[in-house]
Each structure stands twice: as structure tokens, then as C-alpha cells.
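# Summary of structural features
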Amino acid sequence: MTEADDSDTAGQEIAPVWAVFGDLMSGLLGAFVLILLGTLVLQMDLLANLQSEIEKRRVEEQRRIALEKALAIPLAAGRITVNNGRIGISGSVLFPVNSDQLRPEGRQLLQSLVHPLRVYLGERKEMLMVSGFADDKPISQGNRRFADNLELSAQRALTVTRALIEEGMPSSQVFAAAFGSEQPVASNASEEGRARNRRVEMAPVPRGASSAAVRP
């Protein structure tokens, strides 16, 4: 075999090596591009989620400010509280102990809330959920009107709902719900805590959220 033949053979052996190397580099480049695209897509999704969360919090903050502005007078007087869009009223302001009969001052308070709440709900096409809550102390045996705290909280929520309607709140804009001793805001180990848990809350909610509500 001549030197020329040897050279041709070596060239033929080198060519496949370079071809394989080229294919390998092309594959690595393709993989790198796919990884890069995947990373970019993931970052774009994260950015979109972040922007969505920022917008959601901005809207919630605007709603909170608008609600507090609408209820500025009773808030300033300390007759109600607003926390995360939920309007809280102490049960003792509205009702005697173990009763669903409104106190006169409780009705006056509800009357003062109707107009600002009607305006607020109308501007946002929302409804008002009236929720009744109780402490975990059993209903006294002498009180035969209520089977348990859940029934008491339901009747109180209905009483407030009906009072709001009587004072001018459209019935299509308000509904009642009951939670009994669930969702306490304080410990039931003390009288002070139980007093805080005996409450009525009102919260603006989107329309359609009343499917499982107690109707007035």
C-alpha cells in the first residue's frame, strides 16, 4: 500500500469522527436552546403570576379603603370593626345574651349602615353576607327556643338580615349564613374571649356566593 493510500484511509477515518462530533454538538446546542426556552417560559409564567398577585392585592386594598371610607362614621365611633373586608359587630351590641331579639341601639346601628352599604354594593354589583357566630358555651337548659349555638347564630343572622331589609336594603342584595361556634376570633377559655366570639359579621361577596345561604 502506498503513502497516498494510507493518507486517504486516515482521511476517511477522520471524517466520520468529525461528523459524529458535529452531530453531538448540534444535539447539545439543541438541548441548550430547549433548556433556555424552557427557562424563559418559566420566568415569564412567574412574572405573570407575580403581576396577577400584585394586581389582586391592589384591588383588595382599593376595596378595603372604599369600604372603610363608606363606613367612616360608625368606624370612628367604634361601633363596628373592619378587618380584611369583614364588618364586625359585637353580639352584645345587637342582642341580649342567648337571644335573637335586637336591642333598640342595635337596630339603630344597622339602620345607619344600610345607606353606605347599599351604595358600596351597588357600585360593585356585590351582595352582603350576614354571618352569625357564637361561643362554645352550651345553650342554657332554661332556653328552649334554640337547640344549640348553631341555631342561635342562624337566628341572629336572620334577624340582622331582616332588619337590614326592613331599613331599606334590597332583599336581592343580602343573605344570611350561620357558623355557630366555628371560626372563633378569640379563646373560649375566658368570658372576654367568649364575648368576642359572640358576634355578627357582614362581608361583601360576589353575586352567586349565596347558594348555600339561609334565606330571610
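To be clear, the structure that these remarks concern was listed above.
What you are looking at is a predicted structure, and each value in this text was computed from that prediction instead of being measured.

## Side note on a nonpolar patch on the surface
The grouping of L29, F32, V33, L34, L36, L37 and L40 at the surface amounts to a nonpolar patch, some 680 Å² of accessible area in total. Relative to the assigned elements, L36 resides in helix α1 (residues 3-70). Given the relative accessible area of 42%, L36 is considered partly exposed.

## Details of the environment of R207
Residue placement: R207 occurs in the segment after β5 (199-206). Along the sequence, R207 and M127 sit 80 residues apart, while their C-alpha atoms lie 5.8 Å from each other. Once residues within four sequence positions are removed from consideration, R207 is found in contact with K125, E126, M127, S172 and Q173. Here the side chain of R207 touches S172 through a polar contact of 3.3 Å, landing on its backbone oxygen.

## Quick look at the packing of aromatic side chains
Throughout the structure, instances matching the rule amount to one aromatic pair. Aromatic side chains F133 and F179 sit 5.1 Å apart centroid to centroid with 10° between the ring planes, which places their arrangement in the stacked category. One end of the pair, F133, is in strand β3 (residues 126-133); the other, F179, is in the loop between β4 (174-178) and α6 (191-197), and 46 residues separate them in sequence. Under the relative-accessibility criterion, F133 is labelled buried at 1%. One cation-aromatic arrangement involves R199 over F133; the distance from NZ or CZ to the ring centre is 3.8 Å.

## What about the pairing of β4?
Counting buried residues in β4 gives four out of five residues, a clear majority hidden from the surface. Direction of pairing for β3 relative to β4: parallel, over a ladder of five bridges. When the bridges of β4 are listed, V130 appears paired with A176.

## Details of the sheet that holds β3
Pairing in this open sheet of five strands is mixed, and the strands run β1-β2-β5-β3-β4 from one edge to the other. Either end of the sheet is taken by a strand with one partner, and the two such strands are β1 (81-83) and β4. The sheet shows a mean angle of 25° between the axes of neighbouring strands, taken without regard to direction. Together, β2 (86-90), β3 and β5 form the strand contacts of helix α4 (residues 104-124), whose direction differs from that of β3 by roughly 140°. Sheet strands touched by helix α5 (residues 149-166): β3, β4 and β5. Its angle to β4, the strand with the most contacts, is close to 170°.

How each quantity is defined
- Residues numbered from 1 in each chain as written.
- Predicted model: local features only at pLDDT ≥ 70, side-chain atom pairs only at ≥ 80, totals over all residues.
- Heavy atoms only, no water.
- Patch = residues over 30% accessible without salt bridge, like charges linked within 9 Å, V, L, I, M, F, W, Y side chains within 5 Å.
- Areas by Shrake-Rupley, 256 points an atom, 1.4 Å probe, with all protein chains shown as cover.
- Salt bridge = Lys/Arg side-chain N within 4 Å of Asp/Glu carboxyl O.
- Helix = DSSP H or I, 4+ residues; strand = E, 2+ residues; numbered from the N terminus.
- Buried < 20%, exposed > 50% of the residue type's maximum accessible area, 1.4 Å probe, protein only.
- Contact = heavy atoms within 4.5 Å.
- Polar contact = N/O pair within 3.5 Å; in protein donor to acceptor, adjacent residues only side chain to side chain.
- Phe/Tyr/Trp six-rings, centres within 6.5 Å; stacked < 30°, edge-to-face > 60°.
- Lys NZ or Arg CZ within 6 Å of the ring centre and 35° of its normal.
- Pairing = 2+ DSSP bridges.
- Axes fitted to C-alpha atoms, helices over the stretch in contact; angles between N-to-C directions.

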